[in-house]
Amino acid sequence: MSYEFMTSALTSNVVANNRYMKSFTVEITDFDNETETFYVEARNESDAAQQAQALFGGDVYMMNVYSY
């Protein structure tokens, strides 16, 4: 398998996975050990985490992202 073929196959797989919005549950814990849960729609886990952090608006100690 050539490098170009592997790269194009990987790129097309990533694009296909990021094309559709998915539902995520994001639990954010702050430094006072208080937890808030956010439900967001995003293309991937990273986008979901960024959206939830923007909604939270505070310092984040720990973040758990679940997809369903």
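Nonpolar side chains in soluble globular proteins tend to be buried together. Ranked by size, the top nonpolar core spans nine residues in total: Phe24, Val26, Ile28, Phe38, Val40, Ala42, Ala48, Ala52 and Phe56. Secondary structure elements with two or more residues in this core: β1 (22-29), β2 (35-42) and α2 (45-56).

Now for unusual backbone geometry. Note: most residues except glycine have negative phi, and most peptide bonds are trans. Of note in this structure, Asn33 is not a glycine but carries a positive phi near 65°. We classify Asn33 as exposed; its relative accessible area is 63%.

This brings us to the pairing of β1. In the sheet, β1 pairs with β2 via eight bridges, with the strands oriented antiparallel. Note that in β2 the partner of Glu27 across the bridge is Thr37. A loop of five residues connects β1 with β2, the two strands running antiparallel in sequence, and Asn33 in this loop sits at a positive phi of about 65°. One ladder, built from six bridges, connects β1 with strand β3 (residues 62-67); its direction is antiparallel. Looking across to β3, one finds that Thr29 is bridged to Met62.

Another aspect to go through is the packing of aromatic side chains. Taken as a whole and assessed by the stated rule, the structure comprises two aromatic pairs. Ring centres of Phe38 and Phe56 lie 6.4 Å apart, and the angle between their planes is 85°; on these two criteria the pair is classed as edge-to-face. Of this pair, Phe38 sits in strand β2 while Phe56 sits in helix α2, placing them 18 residues apart in sequence. Per residue, the accessibility class of Phe38 equals that of Phe56, and both read buried.

Parameters at a glance
- Residues numbered from 1 in each chain as written.
- Predicted model: local features only at pLDDT ≥ 70, side-chain atom pairs only at ≥ 80, totals over all residues.
- Heavy atoms only, no water.
- Core = buried A, V, L, I, M, F, W, Y, C linked by side-chain atoms within 4.5 Å.
- Buried < 20%, exposed > 50% of the residue type's maximum accessible area, 1.4 Å probe, protein only.
- Helix = DSSP H or I, 4+ residues; strand = E, 2+ residues; numbered from the N terminus.
- Pairing = 2+ DSSP bridges.
- Phe/Tyr/Trp six-rings, centres within 6.5 Å; stacked < 30°, edge-to-face > 60°.

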